[in-house]
Amino acid sequence: MIKERFSDVTLVELPPMRVARFRAVSRAPEDDAMKGLTQWATGAGLRGLPRNFGFDCEVTPEQAADGLRSYELWFVAPPGIMPAGPVNLIDFPGGRFAAMTVYHPFDDPFRWIPTGWNALHEWVISHGQEQPGATQCLEELVAGDEGSDLVLYHPVKEKTAHG
């Protein structure tokens, strides 16, 4: 069952990109971040859902004790778009990542997403690709065969001439 939940790991290059970002702190921060960015995107005249990436963020001990979590969501921003309200723009440098898809992660998200991250991290370590702190680990919500899937991106070492 677990093998059917995850794709094989591949190495990919994410290009540099300008992204609009929004961070939410709540009991459902992924949903709240999506609502916040979608509202901004609609007001900015964007049509359709842009490619998006997200990641968990730290919360204070008090927030955690209250059952709160934090999530930052990015929408890839087209040229000329302007930030507004709590949305600001940043430049993501891109880079090399190990990527793995979690199929149907929302059947049991607090099981399948952490299990996927653990499996991907173990792959990165076992293949000598660990690059701590190089850039952010990312999640990308993508359309799957039956609903949404989640692609996990873990930064890895750049290829060098010596290996």
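One structure accompanies this document, and this report is about it. (Residues numbered from 1 in each chain as written. Predicted model: local features only at pLDDT ≥ 70, side-chain atom pairs only at ≥ 80, totals over all residues. Heavy atoms only, no water.)

### Details of the packing of aromatic side chains
Link 1 in the chain: According to the stated counting rule, one finds six aromatic pairs in the structure shown.
Link 2 in the chain: Seen in terms of ring centroids, Phe 6 and Trp 112 are 6.2 Å apart; in terms of plane orientation they differ by 65 degrees. Their pairing is edge-to-face. Of the two residues, Phe 6 sits in the loop between helix H1 (2-5) and strand E1 (10-14) while Trp 112 sits in helix H4 (residues 109-126), which places them 106 residues apart along the sequence.
Link 3 in the chain: Owing to a relative accessible area of 2%, Trp 112 belongs among the buried residues under this scheme.
Link 4 in the chain: Grouping aromatic residues by their ring pairs yields a cluster made of Phe 53, Phe 55, Trp 74, Phe 92, Phe 97 and Tyr 153. (Phe/Tyr/Trp six-rings, centres within 6.5 Å; stacked < 30°, edge-to-face > 60°. Helix = DSSP H or I, 4+ residues; strand = E, 2+ residues; numbered from the N terminus. Buried < 20%, exposed > 50% of the residue type's maximum accessible area, 1.4 Å probe, protein only.)

### Section: the pattern of salt bridges
Link 1 in the chain: Following the criterion strictly, the structure yields seven salt bridges and no others.
Link 2 in the chain: Between Arg 5 and Asp 107 there is a salt bridge, and its shortest N-O distance comes to 3.1 Å. On the criterion of sequence distance, the pair formed by Arg 5 in helix H1 and Asp 107 in the loop between strand E6 (95-102) and H4 is long-range, its members being 102 residues apart.
Link 3 in the chain: With its nearest N and O atoms 2.9 Å apart, the salt bridge here joins Arg 18 to Asp 91. A residue pair is termed long-range when its members are at least 10 positions apart, and Arg 18 in strand E2 (residues 17-26) and Asp 91 in strand E5 (residues 88-92) qualify at 73 residues.
Link 4 in the chain: By relative accessible area, which is 56% here, Asp 91 ends up exposed.
Link 5 in the chain: A single network of salt bridges, built from pairs that share partners, joins Arg 21, Arg 23 and Glu 72. (Salt bridge = Lys/Arg side-chain N within 4 Å of Asp/Glu carboxyl O.)

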